[in-house]
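Reading the structure
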Amino acid sequence: RIRLDDERCIMCSRCSRFMEEVADDPVLGFIDRGTHTTLTVHPGRRLDSNYSLNTADICPVGALTSNDFRFQMRVWFLKETKSIDVNCGTGCNILIWTRGNEIFRVTPRENNKVNSCWMPDSHRLNFHYLHAETRLTSPLVRTNGRHEIADWFDAIEKASQDLKGFHGDDVAFIGSGRMTNEELYLLKQLADTLETDLLTLVPRFEQSDGKLISADRNPNTTGARLIWATEDPYAKLKAIREGVAGRKIKALVVFYEDLLAEAAFRSDDLANLDLLISNNILTNGTAKASHVVLPGAGFAEKRGSLVNITGRLQRLNQAILPPEGVMDDWEILRDLIKALDPNEPDRNILEEVFREIVDEVEEFEELTLSKIGDLGLQITETSEIIPLLEAEQARIATGEIIG
């Protein structure tokens with residue numbers, strides 16, 4: 001992922017020190033000491049760490065550059081937007097670099113309570129899908145076995161009218177741990193409107209890397225616990241899956257998840273549903289089986305808030321606009337709720353939804369979106385830690401790091 005331009009290198013050793021002291025992968029060093037000193041990897045080794053791109057961030061002369069960004073755009077033409085990473089529960093602070101309506105790169109932003117100055121390569125490179133040809137860019141309604149493009153009014157009307165035929169245990173809702181607090185709040189409001197408590201998220205747990213990648217690959221599990229007032233926002237997934245398979249659940253609303261790829265649902269079971277409404281960014285198996293498809297916005301295309309694994313409330317900021325024909329997810333949920341219950345209050349801006357959360361969730365008391373600030377606020381305590389920060393604090397305590 002890294003390219004070296006030898007003629008620029010001033011042999012400051014920042015990169016080799018980072019790989020040894022932070023990434024715990026000491027593969028870089030100098031050879032031919034003297035007038036021909038050169039940076040290289042040790043014999044038989046490769047610079048293939050998942051933290052290698054941080055060396056390009058700290059190189060003072062541009063000798064190390066990212067293959068993904070190299071020669072793509074002059075940096076002084078790019079606009080920087082402060083935001084947060086949504087690839088795992090850590091919620092690394094990031095800068096999104098854009099020009100026009102295109103993202104060119106993502107880099108870490110310093111926050112000593114979350115990610116110090118670093119972030120994993122896998123997370124920073126995971127934005128290209130926002131510009132993929134497989135983006136869903138128009139609402140789709142299935143008619144006579146085929147999906148037809150619809151306008152938003154007709155799609156919301158179709159979805160809401162069909163949903164009115166289901167209540168209680170007939171209908172279930174599956175959200176995503178990638179959704180913002182505001183979206184999760186509205187999803188629960190939507191479920192309450194149809195008088196069902198069949199509401200769940202899809203778990204996404206893997207091995208932690210012992211640095212910045214959390215075992216929880218969902219960025220907002222803590223937020224879901226607070227917003228939904230539950231210890232386990234994933235608890236009802238198995239019951240919903242079995243209910244769909246057994247035809248007890250006849251209608252299913254899915255936000256931001258592909259159930260076939262990530263929740264162990266079977267395509268035959270989805271095909272037997274009387275009603276399937278889905279929201280996502282990219283085409284997928286769940287969208288293909290849906291009666292109504294509502295395309296949503298990506299992490300860089302919307303605003304909102306999330307709570308990371310340590311209980312820190314952080315703000316997601318909009319860096320680019322979603323493709324033409326796409327609505328912000330909170331607006332989709334708002335319109336569905338309003339179509340089902342005209343007595344619901346009008347919600348014209350995201351701040352109004354956040355104020356409702358403040359009124360109902362104790363941990364958000366007296367907060368506003370603007371009060372969260374660029375570095376976030378600690379609103380609850382959890383038992384989770386961020387290993388890289390713990391290691392950094394230990395080195396500060398022993399005097400290895402000054403400052």
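The notes below deal with the structure included here. Keep in mind that this is a model prediction, so the values were computed, not measured. (Residues numbered from 1 in each chain as written. Predicted model: local features only at pLDDT ≥ 70, side-chain atom pairs only at ≥ 80, totals over all residues. Heavy atoms only, no water.)

1. Remarks on the overall build of the protein
Here is the rule: The helix count covers DSSP runs of H or I at least four residues long, the strand count covers runs of E at least two residues long, and both are numbered beginning at the N terminus. Our radius of gyration is a C-alpha quantity, and the globule rule it is checked against amounts to 2.2 Å times the number of residues to the power 0.38. The cut-offs for exposure are 20% and 50% of the maximum accessible area for each residue type, with area from a 1.4 Å probe on protein chains only; residues under the lower value are buried, those over the upper are exposed, and the others partly exposed. The contact rule is simple, with two residues in contact once any of their heavy atoms fall within 4.5 Å. Shrake-Rupley sampling with a 1.4 Å probe provides the accessible areas, and residues are treated as covered by the protein chains on show and by no other component. In this tally, Lys and Arg are treated as positive and Asp and Glu as negative; His is ignored, and so are the chain termini. Where a charge sits is defined by one atom per residue type, namely NZ (Lys), CZ (Arg), CG (Asp) or CD (Glu).
Scanning the protein for helices and strands turns up 14 helices and 17 strands. Relative to the globule expectation of 22 Å for 403 residues, the C-alpha radius of gyration of the protein, 23 Å, shows essentially globular dimensions. The buried share of the protein, taken over its 403 residues, is 54%. Contacts spanning at least 24 positions in sequence make up 67% of the contacts within the protein whose residues lie at least 6 apart. Working note: accessible area of the protein is about 18500 Å², and carbon and sulfur atoms make up 47% of it. For the protein, the distance from the average position of its 46 positive side-chain charges to the average position of its 65 negative side-chain charges is 4 Å.

2. Section: unusual backbone geometry
Excluding glycine, residues mostly carry a negative phi; peptide bonds, for their part, are mostly trans. Non-glycine residue M11 carries a positive phi angle of around 55°. The topology assignment puts M11 in the loop between β1 (2-4) and α1 (14-21). Despite not being glycine, S13 shows a phi value in the positive range, around 70°. Relative to the helices and strands, S13 resides in the loop between β1 and α1.

3. Details of a nonpolar patch on the surface
Just so we agree on the cut-off: Surface patches are drawn from residues lacking salt bridges whose relative accessible area is over 30%; two like charges belong together within 9 Å, two nonpolar side chains (Val, Leu, Ile, Met, Phe, Trp, Tyr) within 5 Å. Each reported salt bridge corresponds to a side-chain nitrogen of Lys or Arg within 4 Å of a carboxyl oxygen of Asp or Glu.
There is a patch of nonpolar side chains on the surface, built from V75, W76 and F77 and spanning about 340 Å² of accessible area. With a relative accessible area of 43%, F77 lands in the partly exposed category.

4. Focus: the sheet that holds strand β7 (residues 102-108)
Put simply, the rule is: DSSP bridges decide pairing: two strands pair if at least two such bridges lie between them. The angle between two axes is taken between their N-to-C directions and runs from 0 to 180 degrees, where each axis is a line fitted to C-alpha atoms and a helix contributes only its stretch in contact.
Judged by pairing direction, the sheet is antiparallel, and its 3 strands sit side by side in the order β5-β6-β7 without closing on themselves. Each of the sheet's edge strands pairs with one partner strand only, and the pair in question is β5 (79-84) and β7. Across this sheet, the average inter-strand angle for adjacent strands is 30°, counted without regard to direction. Here 6 bridges tie β5 to strand β6 (residues 93-99), and the two strands are oriented antiparallel to one another. Looking across to β6, one finds that K82 is bridged to L95.

5. Some thoughts on empty space enclosed by the protein
Worth spelling out the cut-off: As defined here, a cavity is a set of points on a 1 Å grid over the protein atoms alone where a 1.4 Å probe fits but cannot get out. A pocket is an open set with protein on both sides within 12 Å along at least five of seven lines, and residues line them when an atom is within 4 Å of a point. Grid points are joined across faces, edges and corners, and a volume is the space filled by probe spheres set on the points. Amino acid classes used here: Ala, Val, Leu, Ile, Met, Phe, Trp, Tyr, Cys and Pro are nonpolar; Asp, Glu, Lys and Arg are charged; the rest, including Gly, are polar.
Scanning the entire structure with this criterion turns up 3 cavities of 30 Å³ or more. The computed volume of the largest cavity comes to approximately 90 Å³. Lining the largest cavity are 14 residues, with C9, C12, C15, C59 and A63 positioned closest to its centre. In terms of residue class, the lining of the largest cavity is made up of 12 nonpolar, 1 polar and 1 charged.

Note that all results are geometric; they support no functional claim without further evidence.
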